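Residues per chain are reported as follows:
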Amino acid sequence: MPEDQEKNSFEDVKKIIAPAGAQVFPNYLKIGDKLAKTFFVFSYPRYLSTGWFEPLINLPNLFDVSIFINPIDTGSALRTCVKKRANSNHR
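About the criteria used
- Residues numbered from 1 in each chain as written.
- Predicted model: local features only at pLDDT ≥ 70, side-chain atom pairs only at ≥ 80, totals over all residues.
- Heavy atoms only, no water.
- Patch = residues over 30% accessible without salt bridge, like charges linked within 9 Å, V, L, I, M, F, W, Y side chains within 5 Å.
- Areas by Shrake-Rupley, 256 points an atom, 1.4 Å probe, with all protein chains shown as cover.
- Salt bridge = Lys/Arg side-chain N within 4 Å of Asp/Glu carboxyl O.
- Helix = DSSP H or I, 4+ residues; strand = E, 2+ residues; numbered from the N terminus.
- Buried < 20%, exposed > 50% of the residue type's maximum accessible area, 1.4 Å probe, protein only.
- Pairing = 2+ DSSP bridges.
- Axes fitted to C-alpha atoms, helices over the stretch in contact; angles between N-to-C directions.
- pLDDT = per-residue confidence, 0-100.

**Here's the deal with a nonpolar patch on the surface**
Part 1 of the argument: Taken together, the side chains of Leu-56, Ile-57, Leu-59, Phe-63, Val-65, Ile-67 and Ile-69 define a hydrophobic patch exposed on the protein surface, amounting to about 650 Å² of accessible area.
Part 2 of the argument: For Phe-63, the location among the structural elements is in the loop between helix H2 (54–57) and helix H3 (74–89).
Part 3 of the argument: The partly exposed category is assigned to Phe-63, whose relative accessible area is 36%.

**So, the sheet that holds strand E1 (residues 22–24)**
Sheet strands pair via backbone hydrogen bonds, and the direction of the pair is either parallel or antiparallel.
Part 1 of the argument: Strand order in the open sheet formed by 3 strands is E1-E2-E3, with antiparallel pairing between adjacent strands. Among the strands making up the open sheet, the edge pair consists of E1 and strand E3 (34–36). The sheet shows a mean angle of 20° between the axes of neighbouring strands, direction not considered.
Part 2 of the argument: Examined bridge by bridge, strand E2 (residues 29–31) and E3 share 3 bridges and lie antiparallel to one another. Bridge pairing in E3 places Lys-30 opposite Leu-35.

**Structural notes on the confidence of the model for the chain**
Part 1 of the argument: Mean pLDDT over the chain: 76, with 74% of residues reaching 70 or higher.
Part 2 of the argument: Mean pLDDT in the chain bottoms out at helix H1 (residues 3–17), which sits at 66, and peaks at E2, which reaches 85.

**Thoughts on the environment of Lys-34**
Part 1 of the argument: Note on placement: Lys-34 falls in strand E3.
Part 2 of the argument: Accessibility expressed as a relative area gives 58% for Lys-34, which makes it exposed.
Part 3 of the argument: Each C-alpha atom of the pair Lys-34 and Ala-22 lies 9.5 Å from the other, and the pair is 12 residues apart in sequence.

Take a look at the structure:
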């Protein structure tokens, strides 16, 4: 790799790791020329239909999506499901 190109690559990495500045706004962050915003969803709807995520992933803008799922003990999950099922039969 030519020395100029190597230097430019290093500069790009430096900008990613330590951007020149970050601006903090009430609803988003601006890091360099990029915007960052976080949405937190505590739970999903009781039933999800096919394509439930489609409206988000088909937006015209480029963005990253991360989904974190906190696993729970299988026994606890089964007991909860049985209780919810039993409660829904009494309606």
